[in-house]
Amino acid sequence: MEESITARRFTATLSRDIPRHWLPGNEVVSSLLNAYTVLVPANEAFYIRTLNACTPRLQDEGLRQRCQAFIRQEAQHGVAHKRYWDNLDAQGYAYRGIERVVDRGLFRVMDRVAPLWLRVSLVSCVEHINAFLGYEFLAQSILANADPRVRDLMEWHFAEEIEHRAVAFDLLQAVSPRYPVRVIGAVMTTTLFYLLLASLAALLLAQDGRLWRMATWRQLTHHLGAGHGMARRTLGHLRDYLRPRFHPSRLADADALAATVLARQAAAEPPSIMAMPPRT
């Protein structure tokens with residue numbers, strides 16, 4: 001893997017006419033990614049605080065610079081997804097109280113009580129989840145029929161998660177390379193990530209009056225099962241993470257997928273992303 005991490009702003013307009021279910025015929029995936037959008041800013045802020053706590057201790061200047069590039073990308077993810085909260089508000093969703101509870105009751109508490117090695121392990125695993133989610137959504141073109149404004153937001157984010165996918169893992173190897181540390185972080189992260197994502201998506205679907213419709217459960221079965229195969233594929237990616245010799249660079253064809261998305265969005269008229277000037 002030849003790593004290249006460029007900080008970019010998401011510059012596309014997220015106008016208020018974006019529909020609640022912006023992926024036609026798939027309210028489940030729309031709701032899952034709306035839930036993802038709600039969770040992103042607090043998640044990203046936790047990653048940034050964790051890496052900022054580590055970087056003064058790093059002896060490897062190259063890794064320190066990669067961490068700084070990672071932080072710049074993640075900061076822009078938080079900014080862009082928080083912009084989309086205005087759309088969720090306009091669509092009538094109630095979610096901000098839950099987001100505050102997650103941020104203050106989970107991530108801020110983790111800052112205070114969890115040792116740094118554990119926080120880095122959590123970030124390493126969730127970054128693997130973000131990268132393989134991005135890979136699957138891009139490789140399968142799951143968002144091909146989505147509202148183009150939201151598709152661009154999600155695919156830009158997914159592409160950059162692929163781009164910087166090795167940074168947190170390499171940081172974990174520098175901070176605490178013991179295999180049990182990786183396993184503890186993986187168990188905690190996987191449980192929390194999918195519990196929060198599924199619970200919030202269910203809440204959004206309930207607010208739509210769609211949670212208990214048969215069509216909703218058929219969509220979920222399609223997404224997890226024979227359609228997108230996300231249950232089987234997720235288990236495979238998580239199993240890979242637990243292999244002792246695992247490294248994120250081995251995600252096949254991921255870099256080409258990410259580069260294609262980023263090039264397309266940068267070349268659009270007007271562009272939906274814009275590279276930020278390098279930090280001096």
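Values in this document were obtained by computation on a predicted structure and should not be read as measured data.

Trainee: Sorry if this is basic, but what is going on with the overall build of the protein chain here?
Mentor: Scanning the protein chain from terminus to terminus reveals 10 helices and 2 strands. Radius of gyration (C-alpha) of the protein chain: 18 Å, near the 19 Å computed for a compact globule of 280 residues. Expressed as lengths along the three principal axes of its C-alpha atoms, the size of the protein chain is roughly 50 × 40 × 35 Å. Within the protein chain, the fraction of its 280 residues that count as buried is 53%. At a minimum sequence separation of 6, the contacts of the protein chain that also span at least 24 residues come to 85%. Accessible surface, the protein chain: about 12700 Å² in total, of which carbon and sulfur atoms supply 59%. A distance of 5 Å separates the average location of the 33 positive side-chain charges in the protein chain from that of its 27 negative side-chain charges.

Trainee: Could you clarify how one ought to interpret the pattern of salt bridges in this entry?
Mentor: Applying the stated criterion across every chain, the model contains 16 salt bridges. Ionic pairing is found between Arg-149 and Asp-17, a salt bridge with its closest N-O pair at 2.6 Å. Taken together, the residues Arg-149 in helix H5 (residues 148–163) and Asp-17 in the loop between strand S1 (8–10) and helix H1 (27–54) connect sequence positions 132 residues apart. For Arg-149, a relative accessible area of 23% puts it in the partly exposed group. The class of Asp-17 is exposed, set by a relative accessible area of 56%. Taking the shortest distance from any N to any O, the salt bridge between Arg-233 and Glu-136 comes out at 3.5 Å. Separated by 97 residues along the polypeptide, Arg-233 in helix H9 (residues 230–241) and Glu-136 in helix H4 (residues 116–139) bring together distant segments of the chain. The exposure class assigned to Arg-233 is partly exposed, which follows from its relative accessible area of 31%. Assessed through its relative accessible area of 3%, Glu-136 is described here as buried. Taken together, the shared-partner salt bridges connect Glu-3, Arg-66 and Asp-170 into one network.

Trainee: Explain the side chain of Ser-176 to me, please; I cannot follow it from the model alone.
Mentor: Topologically, Ser-176 is positioned in the loop between helix H6 (167–175) and helix H7 (179–207). Non-local contacts of Ser-176, meaning those with residues more than four positions away in its chain, are made with Trp-117 and Val-181.

Trainee: How do you make sense of helix H3 (residues 96–113) when you look at a structure like this?
Mentor: Side chains three or four residues apart in an α-helix point the same way, a direct result of the helix having 3.6 residues per turn. Given a rise of 1.5 Å per residue, 18 residues ought to cover 26 Å, and the 25 Å separating the end C-alpha atoms of H3 matches this to within 8%. Along H3, the residues that are buried comprise Glu-99, Val-102, Asp-103, Phe-107 and Met-110. On its buried face, H3 sits against H1, helix H2 (61–90), H4 and H7.

Trainee: Where do I start with the state of the cysteines in this structure?
Mentor: Cysteine pairs can be linked by a disulfide, which is a covalent bond between their two sulfur atoms. By the definition in use, this model includes 0 disulfides. Cys-125 takes part in no disulfide bond, and the closest cysteine sulfur to it belongs to Cys-54, at a distance of 16 Å. Assessed through its relative accessible area of 0%, Cys-125 is described here as buried.

Trainee: Before we go on, may I ask you to explain a nonpolar patch on the surface in this structure?
Mentor: On the surface, Trp-117, Val-175 and Ile-184 cluster together into a nonpolar patch covering about 220 Å² of accessible area. Relative to the elements of secondary structure, Ile-184 occurs in helix H7. By relative accessible area, Ile-184 is classed as partly exposed at 39%.

Trainee: What exactly am I supposed to notice about H6 here?
Mentor: Residues Val-167, Ala-168, Phe-169, Asp-170, Leu-171 and Leu-172 constitute the buried set of H6. Contact partners of the buried residues in H6: H1, H2, H4, H7 and H9.

Trainee: What exactly am I supposed to notice about the packing of aromatic side chains here?
Mentor: The tally for this structure, following the rule as stated, stands at 10 aromatic pairs. Considering the side-chain rings of Phe-169 and Tyr-241, the 6.2 Å spacing of their centres and the 75 degrees angle between planes classify their relative orientation as edge-to-face. With Phe-169 in helix H6 and Tyr-241 in helix H9, this residue pair connects regions lying 72 residues apart in the sequence. Take Phe-169: its relative accessible area is 4%, and that puts it in the buried class. Since its relative accessible area comes to 1%, Tyr-241 is described here as buried. Pairing Trp-212 with Trp-217 gives two aromatic rings, centres 5.9 Å apart and planes at 20 degrees, and the pair type is stacked. For Trp-212, a relative accessible area of 70% puts it in the exposed group.

Quick notes on the rules
- Residues numbered from 1 in each chain as written.
- Predicted model: local features only at pLDDT ≥ 70, side-chain atom pairs only at ≥ 80, totals over all residues.
- Heavy atoms only, no water.
- Helix = DSSP H or I, 4+ residues; strand = E, 2+ residues; numbered from the N terminus.
- Rg over C-alpha atoms; globule rule 2.2 N^0.38 Å.
- Buried < 20%, exposed > 50% of the residue type's maximum accessible area, 1.4 Å probe, protein only.
- Contact = heavy atoms within 4.5 Å.
- Areas by Shrake-Rupley, 256 points an atom, 1.4 Å probe, with all protein chains shown as cover.
- Lys, Arg positive; Asp, Glu negative; His and termini not counted.
- Charge placed at Lys NZ, Arg CZ, Asp CG, Glu CD.
- Salt bridge = Lys/Arg side-chain N within 4 Å of Asp/Glu carboxyl O.
- Expected span 1.5 Å × (residues − 1).
- Disulfide = S-S within 2.5 Å.
- Patch = residues over 30% accessible without salt bridge, like charges linked within 9 Å, V, L, I, M, F, W, Y side chains within 5 Å.
- Phe/Tyr/Trp six-rings, centres within 6.5 Å; stacked < 30°, edge-to-face > 60°.

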